[in-house]
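Tertiary structure, described
Each chain, written out:
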2 protein chains.
Amino acid sequence: MAKDMTLLWGPGSPPCWRVMIALEEKGLQGYNSKQLSFEKGEHKGKDVLAINPRGQLPAFKHGNITLNESYGACIYLEEQFKGQGNKLTPENKAELALMYQRMFEGQSLFYDRFVPEGERHDSAKQRFAGQLKDEIKLWEGYMQATGPYLAGKSFSLADVIVFPVIAFLFRFGLNEEHFPKLAAYHNTVKDRPSVKNTWPPNWKDTPGMDALKNL
Amino acid sequence: MAKDMTLLWGPGSPPCWRVMIALEEKGLQGYNSKQLSFEKGEHKGKDVLAINPRGQLPAFKHGNITLNESYGACIYLEEQFKGQGNKLTPENKAELALMYQRMFEGQSLFYDRFVPEGERHDSAKQRFAGQLKDEIKLWEGYMQATGPYLAGKSFSLADVIVFPVIAFLFRFGLNEEHFPKLAAYHNTVKDRPSVKNTWPPNWKDTPGMDALKNL
């Protein structure tokens, strides 16, 4: 039980979700979990600011230690709880390197770039859509080459960190037929207990979006 | 000697530079080093694409292992060469957590967002400048609270990774008097052998820019 840990999180946020998956994988259930609403602006509230001066979620504490950066929190949890729960770093050097490669490449997969209304351009929108499509094609190729998981044979920190982003793409309508390997990966990992137990509550029983259906 | 390692890099690129610093810190001199020119588009050349299909630098190989993501390469080098060169991860759990926190927060410090000419807006320019100033103030506060290094008492992976970004800001004219703690940090670390030995060759004997002088 992880009574000395506190996580403030918002539903549907990949950075929050990956920390929740890491906690589950390491057998750290029972932490103080507080769900906040982005819509209501609760991520800018006092509770969050006391832990994360950026007013962003996740806001995470382990005892007196604060670690709000989701990548950092996942790596830290794996290191500090090596012998507990599921091992998330491959022994094999080549798979370990691939884990780091994919983990950080995952930052190129994110597509939500907010632009204020007066600064929006069709040219930018088209360019971003094109870039995102190219990026997703790259990942489709990765899954073809090295599955079933992102770093090869075993579920690793790369999956903990990047899966929420991939789930987000499908939630926003990514077409399974256009990206069958990625879809198979998504469908496998979504049934993993750590992922199922932390599935965004606001995604249950509500329809997904179709913003990406034509990619 | 690191004859089984190859690094293709471009001068003045923080992602390239941090890998070079990590190699120096771990006593991995003697790797195959190839300097390429961004201006000439050499990062899109055959040599790079053979290692990094994104056509980006750094492109890094260790034997048959490819690790092009600079964060990943630095963490991997520290892990694989734990007993060699300088130790870059603190023993102390609180400093270790702070190292991860700062390392990933460092991604918010980067300011170069290329926007095509037809899509440029003064409003966006002003917003980015304001955001960057707020961000740098945050780091000035960090240095006040926890120096002399980014994660506290000892030079760590956080410095390897974020120092090049901070050096970049000063190269672009950041005013030392406005950010004295950050300037002191910059002036200390720039004399460190690993940093001196890898200082961007195109920064030597050429004047800096003044884009950030009014921040």
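Above this note sits the structure.
This one's a predicted model, so the numbers in the text were calculated from it and none came from an experiment.

1. Points about the relation of the copies chain A and chain B
Each of the two chain copies can be generated from the other by rotation about an axis followed by a shift along it. The operation relating chain A to chain B is a screw motion whose rotation component is 180°, with 0.0 Å of axial translation and a residual RMSD of 0.0 Å. What we have between these two chains is a two-fold relation. Nearest to the rotation axis, the C-alpha of A:Glu119 is located 3.7 Å from it, this being the minimum over chain A.

2. What about the packing of aromatic side chains?
Counted under the stated rule, the structure contains 23 aromatic pairs over all chains. Grouped by ring-pair contacts, the aromatic residues A:Trp17, A:Phe163, A:Phe168, A:Phe172, A:Tyr185, A:Trp199 and A:Trp203 constitute a single cluster.

3. Things to note about helix 1 (residues 14–25) of chain A
Residues and elements named next belong to chain A. Here helix 1 is 12 residues long and its end C-alpha atoms lie 16 Å apart, about the 16 Å a rise of 1.5 Å per residue gives. By the criterion of burial, helix 1 is predominantly enclosed, with 11 of the 12 residues buried. All of the buried residues along helix 1 are Pro14, Cys16, Trp17, Arg18, Val19, Met20, Ile21, Ala22, Leu23, Glu24 and Glu25. Structurally, helix 1 contributes buried residues whose contacts are with strand 1 (5–9), strand 3 (59–62), helix 3 (70–80), helix 6 (157–171) and helix 8 (193–196). Remark: Gly27 follows helix 1 within two positions and exhibits a positive phi of approximately 70°.

4. Thoughts on unusual backbone geometry
Residue and element names in this part refer to chain B. In this chain, Leu57 is followed by Pro58 through a cis amide linkage whose omega measures 5°. Residue Pro148 is reached from Gly147 by a cis peptide bond, and omega for that bond is 0°. Counting through the fold element by element, Pro148 comes out in the loop between helix 5 (122–146) and helix 6 (157–171). With a phi angle near 60°, Asp205 is a residue other than glycine that sits in the positive phi range. Relative to the elements of secondary structure, Asp205 occurs in the segment after helix 8 (193–196).

5. Structural notes on the interface of chain A and chain B
Many authors give the size of an interface as the accessible area that is lost as the parts come together. Every contact between the two is made by 34 residues of chain A and, on the other side, 34 residues of chain B. For the chain A and chain B pair, buried surface summed over both sides reaches about 2,900 Å², with 56% attributable to carbon and sulfur atoms. Viewed at the interface, chain B and chain A are joined by four salt bridges. B:Arg54 is the partner of A:Glu105 in a salt bridge, and the nearest nitrogen-oxygen pair spans 2.7 Å. For the interface between chain A and chain B, the tally reads 11 residue pairs in polar contact (both at pLDDT 80 or more). Among the secondary structure elements, those contributing two or more residues to the side of chain A that touches chain B are strand 4 (65–66), helix 3, helix 4 (93–105) and helix 5 (122–146) of chain A.

Scoring rules and cut-offs
- Residues numbered from 1 in each chain as written.
- Chains lettered and ligands numbered in written order.
- Predicted model: local features only at pLDDT ≥ 70, side-chain atom pairs only at ≥ 80, totals over all residues.
- Heavy atoms only, no water.
- Least-squares fit on C-alpha atoms with pLDDT ≥ 70 in both.
- Phe/Tyr/Trp six-rings, centres within 6.5 Å; stacked < 30°, edge-to-face > 60°.
- Helix = DSSP H or I, 4+ residues; strand = E, 2+ residues; numbered from the N terminus.
- Expected span 1.5 Å × (residues − 1).
- Buried < 20%, exposed > 50% of the residue type's maximum accessible area, 1.4 Å probe, protein only.
- Contact = heavy atoms within 4.5 Å.
- Buried area = accessible area lost by both parts, 1.4 Å probe.
- Salt bridge = Lys/Arg side-chain N within 4 Å of Asp/Glu carboxyl O.
- Polar contact = N/O pair within 3.5 Å; in protein donor to acceptor, adjacent residues only side chain to side chain.

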